[in-house]
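Chain residues, written in single-letter form:
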2 protein chains.
Amino acid sequence: MNSARRVTTQDIAEAAGVTSGTVSRALRGDPVVSRATRERIQEIARRLNYQPNLSARALRTGRSGTLALACSTGPWVLHHPYFSRLGSGFMTAAAEEGQRVTVYTPPAATAFPVSVEDQEWPREMSNGLVDGCAVYQSHRLSQESLRFLLDSRLYVVLLNTDVDVPGFFQLRSGSDERIRESLRWAAELGARSAAVLGLPERMTTVNQGLRAGMEAPPRGLDVRFEEIRHYEPDEPKAVVEALDRIHAARPGALVLNSDAHLALLRAGRREGRWSREPAVFHHRPADAEANVLDREVHYLVADLLEGGRKAYGMIRRAQKGEPASSESLQWKRAEG
Amino acid sequence: MNSARRVTTQDIAEAAGVTSGTVSRALRGDPVVSRATRERIQEIARRLNYQPNLSARALRTGRSGTLALACSTGPWVLHHPYFSRLGSGFMTAAAEEGQRVTVYTPPAATAFPVSVEDQEWPREMSNGLVDGCAVYQSHRLSQESLRFLLDSRLYVVLLNTDVDVPGFFQLRSGSDERIRESLRWAAELGARSAAVLGLPERMTTVNQGLRAGMEAPPRGLDVRFEEIRHYEPDEPKAVVEALDRIHAARPGALVLNSDAHLALLRAGRREGRWSREPAVFHHRPADAEANVLDREVHYLVADLLEGGRKAYGMIRRAQKGEPASSESLQWKRAEG
DNA sequence: CTGTTAGCGCGTTCAA
DNA sequence: TTGAACGCGCTAACAG
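Caption draft 1: The arrangement of the environment of arginine 245 of chain A in detail. All names here are of chain A. Structurally, arginine 245 is set in helix H10 (residues 237-249). A sequence separation of 23 residues divides arginine 245 from aspartate 222, and the C-alpha atoms of the two residues are 16 Å apart. If we ignore the near neighbours within four places in the chain, the residues touching arginine 245 are Glu226, Glu227 and Arg229. A polar side-chain atom of arginine 245 sits 2.8 Å from the main-chain carbonyl oxygen of glutamate 227.

Below you can see the structure in the form of structure tokens.
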């Protein structure tokens, strides 16, 4: 902590015997400045350790060089294995282009459905500090929040919706596609019946995708949907009950996502139950670690880092004038 | 994306029949403004959906209301189970007080030792957008980078150093303390000998802490240090070799951190090897998931969310004039 | 209690 | 090719 005054274009100007206007042009590499003075100015700037005041620049230009990464449901998203990777890819891509990323989150996990009072950031977003925005868990946003975003001068990408939201760029999680892929795989592996396990409806819209993916299952495969009701991470009862229901039906394959998988692991009831049946997981790579000891598991993997990168690219292309579009995460098979 | 002009204090002033100065005071709740006009102005601001331009405010006041979270080694930190939780706690605490958090990372994983060229952000940090800064993996920072931070007008907290860095606030990871605690525990559990497993020295300063913690072990406990050499996540050879060396010594307990634990799991060689011996892990809660199936594991847990919160608090107290200080993460025993 | 004024540091326009 | 001057939107010091 030092109280030395910051060095400004003025300081450089005086040192170089020019005006601040010339300094500004020189530092931005404007070829209209004579090469000699340009290089002299740049040299002085380096020597004085000049750092442009980006608040001033943002005020003047109306662009901050900063993007927002916002989440609607709570800060847990920031350390969630799925979302944190998505965010990591986003931030990496931003860092590569010298863009900054500011994270907005409600201070505590919000109740469902999310009311607009829980979400300060959609309004605050037009504070001049941010040029664009990617939103985690955007399916939780209220209509009002969406309207704020639409009315702002921001470019917005919605992440992990399964439904179309007109006017926004979207990176879709593609739950339906990966369910479909998992079921196809289960059929290839010889299963005659499969169960799809979901978390409680109120916790995830993934169930929508699950159900969509179950329509028109592969020929000869009998598919049923089972839900973990009232799931609490430390309360395995509902998980065990769901497992019991599934077990009674003795499906040849079990399809679930990583959250449900973790719920099973936490409930500690998997072992010995599925002696003969193949288990088919569609899931997320962050859990690869949890699966290291679990040889029977097959899964679908998405390159989430690449997904975050995609989201970033959508915003940047938008800034260059391209129309809103929607892309899907790509999922591929892997063996656990 | 909308191109409507943003509403300013001027607009409100005109609508209210006052000047922008009064508007500014009223909106900040300055009691010097008469209650009547204050409320009238606030009402108008709400109706017009006014959002203050924070770039302008930052330019004027010299404070941005934004903190930085920076990492020195690469963006992988952002989705690492340990660091992302620390960050989550930091951001949660910030969100509670309406502070913003901007993330700075080198765009790619940097080589060791980290050269200053790899680190744009320590210089860029004095760009006027940021009031203070917490640094992940600060032991990787070069002397030049540290000097930049010291010479800036920023309040800086270094995270996960085990050594004192004068002039900085520090949140220490306390490796030595948790090694000591793990060994004490191993002795209580009846072990006569223990092995401490570390990752390659060049990858972590934790080994310093490991070695420090091994000094003056509990009475009657024989402790040896073993290192995984040349560790690559997809190359289990070095891990297996380390395991073989340990196994040959047949210690009664094995002490390691979560990274080394994951290395073991990935190498897939744990099973059957430690049939009778207790395994003592000192490790990090993010790996609780990986341990769900692993009943023999004992571990130390840190509340990392609370740790991040602590780091945030240190910066805030610094801003209020408190002298630099150093705190440790608190570790407690748990059963896996 | 409120109005006036100045200036934070930068980028940009208009003259020279 | 460069200088002079202005203004982005806000806060703060001073005057009334």
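Caption draft 2: Structural detail: the side chain of glutamate 226 of chain A. In this fold, glutamate 226 of chain A is placed in strand S7 (residues 222-227). Look past the residues within four positions of glutamate 226 of chain A in its chain and what remains in contact with it is Val196, Leu197, Gly198, Ala242, Arg245 and Ile246 of chain A.

Caption draft 3: How the structure looks around the pattern of salt bridges. Following the criterion strictly, the structure yields 32 salt bridges over all chains and no others. When the shortest N-O distance is used, the salt bridge between arginine 309 of chain A and glutamate 96 of chain A registers 3.1 Å. Taken together, the residues arginine 309 of chain A in helix H12 (residues 304-319) and glutamate 96 of chain A in helix H5 (residues 81-96) connect sequence positions 213 residues apart. Using a relative accessible area of 29% as the deciding quantity, one classes arginine 309 of chain A as partly exposed. The partly exposed category is assigned to glutamate 96 of chain A, whose relative accessible area is 47%. Of the charged contacts, one joins glutamate 181 of chain B and arginine 333 of chain B as a salt bridge, the two residues approaching to 2.5 Å between their closest N and O atoms. Of the two residues, glutamate 181 of chain B sits in helix H8 (residues 175-188) while arginine 333 of chain B sits in strand S12 (residues 331-335), which places them 152 residues apart along the sequence. Overlapping salt bridges, with partners in common, bring together Lys310, Arg317, Glu322 and Glu327 of chain A in one network.

Caption draft 4: Structural detail: the interface of chain A and chain B. Between chain A and chain B, the residue contacts involve 54 residues of the former and 53 residues of the latter. For the pair chain A and chain B, the interface holds two salt bridges. The residue glutamate 124 of chain B makes a salt bridge to arginine 100 of chain A at a minimum N-O spacing of 2.8 Å. Counting every contact that joins chain A to chain B gives 16 residue pairs in polar contact (both at pLDDT 80 or more). Secondary structure elements with two or more residues in the side of chain A that touches chain B: helix H4 (54-61), H5, strand S2 (100-104), helix H6 (121-124), helix H7 (143-151) and helix H11 (258-267) of chain A. It is H5 of chain A that provides the largest number of residues to the side of chain A that touches chain B, a total of seven residues. Partitioning the side of chain A that touches chain B into residue classes produces 25 nonpolar, 17 polar and 12 charged.

Caption draft 5: How the structure looks around the sheet that holds strand S11 (residues 326-328) of chain B. Taken in spatial order, the 12 strands of this open sheet run S11(A)-S5(A)-S4(A)-S3(A)-S1(A)-S2(A)-S2(B)-S1(B)-S3(B)-S4(B)-S5(B)-S11(B), and their pairing is mixed. Each edge of the sheet is formed by a strand with only one pairing partner; in this case those strands are strand S11 (326-328) of chain A together with S11 of chain B. The average undirected angle you get between the axes of adjacent strands in this sheet is 20°. In terms of strand pairing, strand S4 (residues 155-161) of chain B meets strand S5 (residues 169-172) of chain B through four bridges, oriented parallel. Along S5 of chain B, the bridge assignment pairs valine 157 of chain B with phenylalanine 169 of chain B.

Caption draft 6: The arrangement of the protein's contact with DNA strand C in detail. Around DNA strand C, the structure places 24 residues, and the nearest of them are Thr9, Tyr50, Arg57 and Arg60 of chain A together with Thr22 of chain B. In the interface set of DNA strand C, defined as its atoms within 4 Å of the protein, sugar plus phosphate atoms amount to 64%. Arginine 57 of chain A is positioned such that a nitrogen or oxygen atom in its side chain is 2.7 Å from a phosphate oxygen of DNA strand C. Residue arginine 25 of chain B places a side-chain N or O atom 2.9 Å away from a base nitrogen belonging to DNA strand C. At the level of elements, helix H2 (20-27) and H4 of chain A together with helix H2 (20-27) and helix H4 (54-61) of chain B are the ones that each hand at least two residues to the surface near DNA strand C. When residues in the surface near DNA strand C are grouped by element, the largest group, four residues, is from H4 of chain A. Grouping the constituent residues of the surface near DNA strand C by class yields seven nonpolar, 11 polar and six charged.

Caption draft 7: View of the protein's contact with DNA strand D. In the vicinity of DNA strand D there are 24 residues, among which Thr22 of chain A together with Thr9, Tyr50, Arg57 and Arg60 of chain B approach most closely. Here DNA strand D approaches the protein such that, of its atoms within 4 Å, sugar and phosphate make up 71%. At a separation of 3.3 Å, a phosphate oxygen of DNA strand D approaches a polar backbone atom of asparagine 53 of chain B. Alanine 56 of chain B places a polar main-chain atom, nitrogen or oxygen, 3.4 Å from a base nitrogen of DNA strand D. Breaking the surface near DNA strand D down by element, the ones donating at least two residues are H2 and H4 of chain A together with H2 and H4 of chain B.

Calculation notes
- Residues numbered from 1 in each chain as written.
- Chains lettered and ligands numbered in written order.
- Predicted model: local features only at pLDDT ≥ 70, side-chain atom pairs only at ≥ 80, totals over all residues.
- Heavy atoms only, no water.
- Helix = DSSP H or I, 4+ residues; strand = E, 2+ residues; numbered from the N terminus.
- Contact = heavy atoms within 4.5 Å.
- Polar contact = N/O pair within 3.5 Å; in protein donor to acceptor, adjacent residues only side chain to side chain.
- Salt bridge = Lys/Arg side-chain N within 4 Å of Asp/Glu carboxyl O.
- Buried < 20%, exposed > 50% of the residue type's maximum accessible area, 1.4 Å probe, protein only.
- Nonpolar A, V, L, I, M, F, W, Y, C, P; charged D, E, K, R; others polar.
- Pairing = 2+ DSSP bridges.
- Axes fitted to C-alpha atoms, helices over the stretch in contact; angles between N-to-C directions.
- Near = heavy atom within 4 Å.

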